[in-house]
Amino acid sequence: MSALAATTAELSRWQFAITIIYHFLFVPITIGMGLFVAGLQTAWYRTKQERYQRLTVFFGKILIINIALGVVTGIVQEFQFGMNWATYSRYVGDVFGAPLAIEGLVAFFLESVFIGLWIFGAERLSPRVHLATIWAVAIGSIMSAYFILAANSWMQHPVGYRKVNGRAEMTSLWVIMTQANLLEAFAHVMSAAVVTAGALVLAVSAYHLLKKNEVELFAHAAQISLVVLLIGGISVTTWGHLQGQLVSREQPMKMAAAEALFKTEKPASLSLFAITPFEKYPSKTDFNITVPHLLSFLTDWHWNSKVEGINYWQRQYQKEYGAGNYKPIVAVNYWSFRLMVAIGTLFVGWATLGLWLVRRRRLEQSRRFLRLSIPLLALPFLANTFGWLLREMGRQPWVVEGLLKTSDAFSHAVSVQAVAFTLAGFVLVYTLLAAIETWLVVSVVKGGPAPPAGEDEQPKQIELGY
Amino acid sequence: MNGSFLSLQGFWFVVIGVLWAGYLVLEGFDFGVGMLMRLIGRDDAERKAVIGTIEPVWDGNEVWLIVAGGATFAAFPNWYATLFSGYYIVFFLILIALIFRGVAIEYRVKRPERRWRSAWELAIVLGSAVPAFLWGLTFANIIHGVPIDSHGEFSGGLLDLFGGYAILGGFASLALFAFHGAVFLALRTTGEVRRRAKAFAIRLVVPAAALVLAIFIWSGAGSGAIDGKWIAAALLAGVASVLLTLSLGLVFRDRDGAAFAATALAICSSVAAFFVALYPNVLVSSTRQGNFFGTVTTVNNLTVFSSSSSHHTLALMAIVALIFTPIVLVYQTWTYWVFRARLRGDSLPGEKLLGGSDGRPTS
């Protein structure tokens, strides 16, 4: 590959990484908050308690601001495969295009049509039908995640296809849509979305509790969010662990890199803190604190099992696929993995602590807990990003594991100048919009919920239209 | 490779055409409303009413584009790959415009400051006009031809995408969507806003019809043999022209619904004329090659047969499309029924609990 082509491929990777990480800042909020708001509106519909109506509207506004950016940055993702990864698109289109097209037709339509009805339809629809519209949005966004993850899981672990006519062709959509890699990733991502929403509601409630604003309302919201966080946190760590075991069988090189395990060990020790030289393909760790036997146990529940290392898989892949470097960047995988796990575990502990405070009726007075809950909101977004870095960078040098290398997948028709131009454009526009979005959400949060209805008034409808 | 129109490739070619027709009819009036919003809405209340006609529906309308793109990816991977990588900068500009337009519609109302609103209104106007122009340019290039090499890759430069025919196509779609949007606004509003929308529709119909006719004539004259396909495309183009003229008369007679149906059908028949004329190609190449005897022929066209997915994928996806497209059509149509009430810009309904209200229904 010429130097110019290599630069085009490299810039295309940066652009894809930046635009998809940015897009995935909004996706978990849409999924998690969609469910949360649907739950609140259901509670209001059932109990007719005004506090649920007020919380639905207040958190609904945050959901709406977020959905706008989520939708428009999502279009970029669908265009980019063809724009920057034309060779990839030709090779995988027969398989990969199907879940993408189904996502649009079955899920994205549902979400996008019903969000309009939910925001603007309160006065024109019966309360029951209006409640159904927010559930349609929530279900649409969940199905959307399922189909996109089906496409992504196929890149991690290609199934239900055959190689023919110089490309991959589908043999079974059913196998693609039901493989373990997809089901476990879906459960993990759903749980992560729930944690993200829980952390968001907790942070917003903590802000108002600290300001002594609407204490009763936000103490209630905080309690709900802590339960949500605990359930989501336990679920995300459990599915994360099971996924780790699956990946160690399906993509052993990725897991070995995530553990910085260079040499095969029997029994294998779990690394707690390792330093690998700052180079693209280091061959050993410089410093490593380990716990004996633990990696063996975590990998397959046996204390003395063998776990193959990076060097072993490098030799295996060279035998299978020819000369080349099949190691991902070890430090990125190792630290993404550890930080993600640390954040997930932290939230289980944080939610437990919060619920203990609730039980002792001390949540509203625990200023330190509340104050710390606000900056903690950054962590789920970081954990979501680390998770995707591990999943995508751990697969390198492959774009489709074992079938197509990333360096062979880019568009030949696109010049390096063109990619540099669009990369700069996306970064500029995305930074600007992120700043505006953050400012808008903060101003909605600070504004707080609308005052309750007067004594003689009927409880309000869900009024979200501008 | 060759094959019959009565094949899965033919079916998917029709499906892609239907998806584009749906997208251009629906987002076409979104574009028109967006472009004209500052001209037809003179003050804040009127602009609320103007944008209020598309606020609840623009999101769902844009999904037609996502599905058209996704269906092309699944059914014709080579078409998708060559088109999107070849027209790289054009698609980038469309994306940026759609991003700004989408967030602008949502964000404009979040703050009352004049400067804030003006800035987002500008984003709505440009974010509507730019893609309205660039879609016309893109379709013109698809059928007129750009350089494509023997690997089926675009081999031209940026300037190859901005030829005279393509630019005329861009202006034709820009004017057509502006007209379509004005007719839609006349249907969906009342009072002063409606009166002004009708005035704009009347002013826009001449440039729209003239530009669309010009691109039809250029296309017809530029193509080679006059065969059955040529005649079918010409008939459809003729229908589109008649419908455009008809819609003007209907606007004059206050038949807003019929006028809108006429412009929507005019867009559908234009898209149909385009796809009939394009078949069996999906991307026309302008690369020419002379043979030993000096005959020059066009080479490297992408056709439905050379760019399609396998029989298995096409058949499976056909079942999915046949099940779910009617469902989508039902609930999307229902949305338009829910939001059927005309909006007006001069009534000031009681301020809502949460930062004002949209243009409220009067019926």
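Residues numbered from 1 in each chain as written. Chains lettered and ligands numbered in written order. Predicted model: local features only at pLDDT ≥ 70, side-chain atom pairs only at ≥ 80, totals over all residues.

Looking only at helices and strands, one finds 11 helices and 6 strands in chain B. For chain B, the C-alpha atoms occupy an extent of roughly 80 × 40 × 35 Å along the three principal directions. Across the 363 residues that make up chain B, the buried fraction comes to 57%. Long-range pairs, those at least 24 residues apart, make up 75% of the contacts in chain B between residues at least 6 apart in sequence. (Helix = DSSP H or I, 4+ residues; strand = E, 2+ residues; numbered from the N terminus. Buried ≥ 20, exposed ≤ 12 C-beta atoms within 10 Å, placed from the backbone. Contact = placed C-beta atoms within 7 Å.)

Turning our eyes to something else, we now look at the interface of chain B and chain A. Across the contact, 61 residues belong to chain B and 60 residues belong to chain A. Going through the elements one at a time, helix 3 (58-75), helix 4 (77-86), helix 5 (88-107) and helix 11 (311-338) of chain B are the ones with two or more residues in the side of chain B that touches chain A. If one sorts the elements of the side of chain B that touches chain A by residue count, helix 11 of chain B sits on top with 13 residues. For the side of chain B that touches chain A, the per-class residue count stands at 36 nonpolar, 18 polar and 7 charged. (Nonpolar A, V, L, I, M, F, W, Y, C, P; charged D, E, K, R; others polar.)

Turning next to the packing of helix 2 (residues 50-84) of chain A against helix 4 of chain B. For the pair helix 2 of chain A and helix 4 of chain B, interaxial distance at closest approach is 6 Å and the crossing angle is 90°. In terms of orientation, helix 2 of chain A lies roughly perpendicular with respect to helix 4 of chain B. Facing A:Phe79, A:Gly82 and A:Met83 of helix 2 of chain A, the residues of helix 4 of chain B in contact are B:Tyr80, B:Ala81, B:Leu83, B:Phe84 and B:Ser85. For the contact of helix 2 of chain A with helix 4 of chain B, a count of residues per class yields 6 nonpolar, 2 polar and no charged. (Axes fitted to C-alpha atoms, helices over the stretch in contact; angles between N-to-C directions. Parallel < 35°, antiparallel > 145°, perpendicular 65-115°, else oblique.)

Here the focus is helix 9 (residues 228-252) of chain B. Residues and elements named next belong to chain B. Helix length check: helix 9, at 25 residues, gives a terminal C-alpha distance of 37 Å against a target of 36 Å (1.5 Å per residue), a fit within 8%. Each element contacted by the buried residues of helix 9 is listed here: helix 7 (164-188), helix 8 (192-222) and helix 10 (256-278). In the segment just after helix 9, Asp-254 is the residue with positive phi, at about 65°. (Expected span 1.5 Å × (residues − 1).)

Let us now look at unusual backbone geometry. A cis amide bond links A:Lys266 to the next residue, A:Pro267, at an omega of -5°. Position of A:Pro267 relative to the elements: it lies in the loop between helix 8 (252-258) and strand 3 (270-275). Between B:Tyr279 and the following residue, B:Pro280, the backbone shows a cis peptide bond with an omega angle of 0°. Counting through the fold element by element, B:Pro280 comes out in the loop between helix 10 and strand 2 (281-283). A positive phi angle, near 70°, is found at A:His293, a position not held by glycine. When you line up the elements, A:His293 lands in the loop between strand 4 (287-291) and helix 9 (294-300).

This paragraph deals with the pairing of strand 4 of chain A. All names here are of chain A. Within strand 4, only 0 of the 5 residues are buried, leaving the element largely exposed. Bridging between strand 3 and strand 4 involves 5 bridges; their strand directions are antiparallel. Bridge assignment links Ile-275 to a residue of strand 4, and that residue is Phe-287. (Pairing = 2+ DSSP bridges.)

Now for the packing of helix 11 (residues 330-359) of chain A against helix 13 (residues 378-393) of chain A. Residues and elements named next belong to chain A. It is the contact of helix 11 with helix 13, at a shortest axis distance of 8 Å, that shows an interaxial angle of 145°. For the pair helix 11 and helix 13, the sense of crossing is left-handed. Between helix 11 and helix 13, the contacting residues are Val-332, Asn-333, Ser-336, Phe-337, Leu-339, Met-340, Ile-343 and Gly-344 on the first element and Leu-379, Leu-382, Ala-383, Phe-386, Gly-387, Leu-389, Leu-390 and Met-393 on the second. Looking at the contact of helix 11 with helix 13, its residues break down into 12 nonpolar, 4 polar and no charged. (Left-handed = near helix turned anticlockwise from the far one by under 90°.)

Mapping A:Thr438 onto the fold places it in helix 14 (residues 416-447). Residues A:Thr438 and A:His293, spaced 145 residues apart in sequence, show a C-alpha to C-alpha distance of 45 Å.

Next up on the list: helix 4 of chain B. Within helix 4 of chain B, 10 of the 10 residues are buried, which leaves the element mostly enclosed by the surrounding structure. Of all the positions in helix 4 of chain B, only B:Pro77, B:Asn78, B:Trp79, B:Tyr80, B:Ala81, B:Thr82, B:Leu83, B:Phe84, B:Ser85 and B:Gly86 are classed as buried. Considering only its buried residues, helix 4 of chain B is in contact with helix 2 and helix 3 (86-120) of chain A together with helix 3, helix 5, strand 2 and strand 5 (302-303) of chain B.

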